[in-house]
Amino acid sequence: MLLAYLEGLIDLLTGSVWTYPLLLGICAGDALIPAFPSETALIVCGIQAARGELSLGWVIAFAALGAF
């Protein structure tokens, strides 16, 4: 049950138009507060890009922009 809930949450967050700005915010927040899970967020977005849910180019662009 918990696994299904988490998978549903991931699908909801990565299927939205807000996914890319959210990734940018998490990566930018990691530059200020090292406890932000930017690596985990980037891995999840990369997996979703491999599944065809997101664009890998946009994931890389937004993560890099947030990191800078």
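Please refer to the structure placed before this passage.
Residues numbered from 1 in each chain as written. Predicted model: local features only at pLDDT ≥ 70, side-chain atom pairs only at ≥ 80, totals over all residues. Heavy atoms only, no water.

> How would you sum up helix α2 (residues 19–32)? Please name residues and give values.
Given a rise of 1.5 Å per residue, 14 residues ought to cover 20 Å, and the 20 Å separating the end C-alpha atoms of α2 matches this to within 8%. Looking at the packing, one finds that the buried side of α2 touches α1 (2–14), α3 (38–50) and α4 (56–67). (Helix = DSSP H or I, 4+ residues; strand = E, 2+ residues; numbered from the N terminus. Expected span 1.5 Å × (residues − 1). Contact = heavy atoms within 4.5 Å.)

> Would you mind going over the nonpolar core in detail, with residue names and values included?
Most often, soluble globular proteins keep nonpolar side chains buried together rather than apart. Judged by nonpolar contacts, Tyr20, Leu23, Cys27, Ala41, Cys45, Ala49, Leu54, Val59 and Ala63 together constitute the single largest core of nine residues. Other than its neighbours up to four places away in sequence, Leu54 contacts Thr14, Thr19, Tyr20, Cys45, Gln48, Ala49 and Val59. (Core = buried A, V, L, I, M, F, W, Y, C linked by side-chain atoms within 4.5 Å. Buried < 20%, exposed > 50% of the residue type's maximum accessible area, 1.4 Å probe, protein only.)

> An account of the packing of α2 against α4 is needed here, citing residue identities and associated values.
Between α2 and α4, the shortest axis-to-axis distance is 7 Å and the interhelical angle comes to 30°. Considering the relative orientation of α2 and α4, their crossing is right-handed. Contacts from Tyr20, Pro21, Leu23, Leu24, Cys27 and Ala28 of α2 reach α4 at Trp58, Val59, Phe62, Ala63, Leu65, Gly66 and Ala67. For the contact of α2 with α4, the class distribution of residues is twelve nonpolar, one polar and no charged. (Axes fitted to C-alpha atoms, helices over the stretch in contact; angles between N-to-C directions. Left-handed = near helix turned anticlockwise from the far one by under 90°. Nonpolar A, V, L, I, M, F, W, Y, C, P; charged D, E, K, R; others polar.)

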